[in-house]
Amino acid sequence: MIGLGEAYISAYALACGLSERYSGLISTIPLGAASIIQLASPQLLRVFQSRRRFVIFCAGAQAVTLALLTGHAFFDRGSPTLLILLLTLYWFFGLSAGPCWNAWIVAIIPKEMRSKFFSQRGPFHEISVLLGLVVGGLALQNFHDRVLTFAFLFTFAASFRLVSTFSLYKLPDEPLEGPVYVATPIDLKAFARWLGKPSVLWMLVLIGLLNFGVSIGSPYFTPFMLKQMHLDYVTYMMLIATPFISRALAYKYFERLVRRVGVKAILLPSMLYISITPSLWAFFPTVGMIALFQLLSGIAWTGFEYGILIKQLADFSQAERSRVLTWTNLIVGIFNIIGVSIGSQMLGKNPTALDYNHLFELSSLMRFIPILVVFAIDWKVSARYIKKFYFRFLGARVNRGGVTRPILYVDENGEK
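Residues numbered from 1 in each chain as written. Predicted model: local features only at pLDDT ≥ 70, side-chain atom pairs only at ≥ 80, totals over all residues. Heavy atoms only, no water.

## What about the nonpolar core?
In step 1: Within the largest apolar cluster, 105 residues are counted, with the highest numbers of intra-cluster contacts made by Tyr8, Phe150, Leu206 and Trp379.
In step 2: With 14 residues, helix H5 (residues 81-108) is the largest single contributor of residues to this core.
In step 3: With near-sequence residues (within four places) excluded, Trp379 lies in contact with Met203, Leu206, Val263, Lys264, Leu267, Gly307, Ile308, Lys311 and Val374.
In step 4: Counting five residues, the second-largest nonpolar core is a separate cluster that includes Val200, Leu204, Phe316 and Ile331. (Core = buried A, V, L, I, M, F, W, Y, C linked by side-chain atoms within 4.5 Å. Buried < 20%, exposed > 50% of the residue type's maximum accessible area, 1.4 Å probe, protein only. Helix = DSSP H or I, 4+ residues; strand = E, 2+ residues; numbered from the N terminus. Contact = heavy atoms within 4.5 Å.)

So this is what it looks like as structure tokens:
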């Protein structure tokens with residue numbers, strides 16, 4: 001679903017004849033809108049009265065929205081309205097299902113088998129996404145009717161999502177005594193009290209500001225490569241796959257580094273490189289150099305994500321993590337909408353290479369500001385939290401951070 005479908009949305013918008021500005025907006029605005037709407041997902045969960053049924057519904061709905069993208073290709077190709085609506089629904093179902101999936105899957109897997117399950121699941125996920133990226137890039141390169149090819153890719157992506165939905169259907173319900181209860185995140189008074197905690201407030205400020213800087217420039221990286229650098233789809237595929245590979249390889253080394261030097265010592269250099277990456281795109285716009293930058297970017301994002309997740313594990317109990325994920329999604333979504341809108345205004349209708357340079361320089365500047373917030377946070381965590389935990393490395397959106405991704409499982413004594 002991700003490698004064949006989600007990863008190529010921005011490129012699809014360009015193939016439909018939409019402008020470079022719209023290509024960036026379409027990769028971000030629907031996700032931002034969905035992050036706001038997902039606050040209502042607990043009400044849907046109450047309707048289904050089962051995490052299993054709710055997750056199955058969301059997975060099936062995601063498959064339907066991907067399939068409907070083929071309709072946009074043939075009936076509403078020149079307009080972004082239908083595309084934005086479908087993608088907003090796609091992300092809404094994805095964001096809504098995340099916290100429930102985590103709670104359900106951990107509940108049905110015996111405690112003694114969880115470490116093995118999640119450690120084996122990770123490589124399967126990574127290889128599957130990478131395979132989808134490669135197949136999609138080769139198909140787009142070798143078939144002349146690009147929009148029709150995209151339609152086939154989205155159809156196949158939807159089919160694979162339906163297969164995964166059927167797999168979820170075959171899994172058992174979690175053992176529960178009574179109905180599922182989830183505190184609604186729309187309780188603004190409870191949110192205000194929770195936000196009053198310094199550990200929560202500063203973490204959300206850090207994540208929000210970084211995503212603001214990222215969303216100014218990164219959504220426009222795809223049109224920069226395809227329109228300004230005139231890359232073919234195979235080269236484009238290679239560049240978006242490179243950070244995915246380096247992230248997967250870097251994870252185990254950051255686990256060791258955190259034990260030796262602490263969270264803050266890996267976070268600062270990681271954020272520093274993340275901040276200068278857009279400027280590097282502008283100053284060295286060649287395939288070889290960008291491939292190198294992408295490789296290093298994957299490593300830096302892994303270090304950042306690892307540090308943030310370690311801190312979240314230390315500060316929030318298992319029961320709180322779904323709420324942390326929900327509100328973090330919201331904050332990130334709002335900042336993404338603001339950032340991509342600023343980027344859109346900077347590019348204008350007919351952007352030049354110089355316009356992209358200015359955009360990427362501003363993105364670098366705004367990514368640097370959150371580094372100052374790091375010094376307002378106490379990064380000391382108990383050694384028992386620096387243990388192996390498992391999470392999905394890549395949301396396959398090019399050069400986007402993964403701080404909104406759910407913590408799937410942590411291997412720590414006494415924690416389920």
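The rest of the description comes next.
## Brief notes about the packing of aromatic side chains
In step 1: All chains considered together, the criterion is met by 19 aromatic pairs.
In step 2: Ring plane angle 80° and centroid distance 5.1 Å describe the contact between Tyr12 and Phe154, whose orientation is recorded as edge-to-face. Here Tyr12, found in helix H1 (residues 9-15), pairs with Phe154, found in helix H7 (residues 146-169); they are 142 residues apart in sequence, far enough to count as distant. For the pair Tyr12 and Phe154, a shared accessibility class is recorded, and that class is buried.
In step 3: Considering the side-chain rings of Trp301 and Phe304, the 5.8 Å spacing of their centres and the 85° angle between planes classify their relative orientation as edge-to-face. On the criterion of helical spacing, the pair formed by Trp301 and Phe304 is a turn pair, its members being three residues apart in helix H13 (residues 287-315). Both residues of the pair, Trp301 and Phe304, count as buried.
In step 4: Counting every residue linked through ring pairs, the aromatic cluster contains Phe48, Phe54, Phe57, Phe92 and Phe93. (Phe/Tyr/Trp six-rings, centres within 6.5 Å; stacked < 30°, edge-to-face > 60°.)

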